[in-house]
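Tertiary structure, described
One letter stands for each residue in the lines below.
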Amino acid sequence: VHGFCGFYGVIMASFFATKDNYAAAYYSDRAKDCAGILYGGDGSSLAAAICFLLAVIVWVAALSCIVFGALSGMGMLRVDPTVEDDGMDKSEHGVTGGYAAAATTAGGAEMVEKDAGSNL
């Protein structure tokens, strides 16, 4: 959600920015060129937006590789296999029950308490 909406906002600003709004927010001498495409701009704002978004993609990908690579190398990226088999609900929240089929208005399943559960 955040990535898509952020990208959408950056691209749409390069389409809909007016000369007056650009001049008020940034540099008035460049407002004619940097206005949105639909308001008389020359497209430089769209080119800048695309370059910016590509730089964000590269930055996030590089830092994600560094962080998750380090976590994986230290063995901290996954939980123990026994915890994986038992489920995270039990280890984190003390839920010893599970999901049981129960009649709902939507016809699906909902979580129902089978026993006392967590005492956190």
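These numbers were taken from a predicted model, which means no experiment stands behind them.

1. Here we look at the overall build of the protein
Looking only at helices and strands, one finds six helices and two strands in the protein. The linear arrangement of helices and strands in the protein, starting from the amino end, is α-α-α-α-α-α-β-β. Considering only residue pairs separated by 6 or more positions, the protein has 24% of its internal contacts joining residues 24 or more positions apart. Counting every atom, the protein has about 9100 Å² of accessible surface; 63% of that belongs to carbon and sulfur.

2. A closer look at the packing of aromatic side chains
Summed over the entire model, instances satisfying the criterion amount to two aromatic pairs. Consider the rings of Phe4 and Tyr8, whose centres lie 6.2 Å apart with planes at 20°: the pair is stacked. Within this pair, Phe4 and its partner Tyr8 are both found in helix H1 (residues 2-16), separated by four residues, close to a single helical turn. Under the relative-accessibility criterion, Phe4 is labelled exposed at 63%.

3. What about a nonpolar patch on the surface?
Together, Trp59, Val60, Leu63, Ile66, Val67, Phe68 and Leu77 give the surface a local cluster of nonpolar side chains, amounting to about 690 Å² of exposed area. Assignment of secondary structure puts Phe68 in helix H4 (residues 44-73).

4. Topic: the packing of H1 against H4
At a closest axis distance of 8 Å, the pairing of H1 and H4 adopts a crossing angle of 165°. In this view, H1 runs roughly antiparallel relative to H4, as classed from their interaxial angle. Read as a crossing pair, H1 and H4 show a hand that is right-handed. Along its contact with H1, which presents Phe7, Val10, Ile11, Ser14 and Phe15, the element H4 presents Ser45, Leu46, Ala49, Ile50, Phe52, Leu53, Val56 and Ile57. Taken together, the residues of the contact of H1 with H4 break down into 11 nonpolar, two polar and no charged.

5. A word on the confidence of the model for the protein
The share of residues in the protein with pLDDT of 70 or more is 79%, and the mean pLDDT across the chain is 82. Of all secondary-structure elements in the protein, the lowest mean pLDDT belongs to strand E2 (residues 110-111), at 56, while H4 reaches the highest, 96.

6. Section: the pattern of salt bridges
Any two side chains of opposite charge can pair, given that their charged atoms come close. Inspection of every chain in the model, using the stated rule, returns one salt bridge. Between Glu84 and Arg78 there is a salt bridge, with the nearest N and O atoms lying 2.6 Å from each other. With a relative accessible area of 39%, Glu84 lands in the partly exposed category.

7. Focus: the layout of surface pockets
What the largest pocket holds in volume is close to 260 Å³. Taken together, 13 residues make up the lining of the largest pocket; nearest its centre are Ala13, Tyr22, Tyr26, Cys34 and Ser45. Taken together, the elements giving at least two residues each to the lining of the largest pocket come down to H1, helix H2 (19-25) and H4. The element contributing the most residues to the lining of the largest pocket is H4, with four residues. Residue composition of the lining of the largest pocket, by class: nine nonpolar, four polar and no charged.

8. Notes on H4
In a regular helix each residue adds 1.5 Å, so 30 residues correspond to 44 Å; H4 covers 43 Å between its end C-alpha atoms and thus fits that length. For H4, the complete set of buried residues consists of Ser45, Leu46, Ala49 and Leu53. At its buried positions, H4 is contacted by H1 and helix H3 (31-34). Phi turns positive one or two residues past the end of H4, at Gly75, with a value near 75°.

Definitions and limits used
- Residues numbered from 1 in each chain as written.
- Predicted model: local features only at pLDDT ≥ 70, side-chain atom pairs only at ≥ 80, totals over all residues.
- Heavy atoms only, no water.
- Helix = DSSP H or I, 4+ residues; strand = E, 2+ residues; numbered from the N terminus.
- Contact = heavy atoms within 4.5 Å.
- Areas by Shrake-Rupley, 256 points an atom, 1.4 Å probe, with all protein chains shown as cover.
- Phe/Tyr/Trp six-rings, centres within 6.5 Å; stacked < 30°, edge-to-face > 60°.
- Buried < 20%, exposed > 50% of the residue type's maximum accessible area, 1.4 Å probe, protein only.
- Patch = residues over 30% accessible without salt bridge, like charges linked within 9 Å, V, L, I, M, F, W, Y side chains within 5 Å.
- Salt bridge = Lys/Arg side-chain N within 4 Å of Asp/Glu carboxyl O.
- Axes fitted to C-alpha atoms, helices over the stretch in contact; angles between N-to-C directions.
- Parallel < 35°, antiparallel > 145°, perpendicular 65-115°, else oblique.
- Left-handed = near helix turned anticlockwise from the far one by under 90°.
- Nonpolar A, V, L, I, M, F, W, Y, C, P; charged D, E, K, R; others polar.
- pLDDT = per-residue confidence, 0-100.
- 1 Å grid on protein atoms, 1.4 Å probe; cavity = no way out; pocket = protein on both sides within 12 Å on 5 of 7 lines; lining within 4 Å.
- Points joined across faces, edges and corners; volume = space filled by probe spheres on them.
- Expected span 1.5 Å × (residues − 1).

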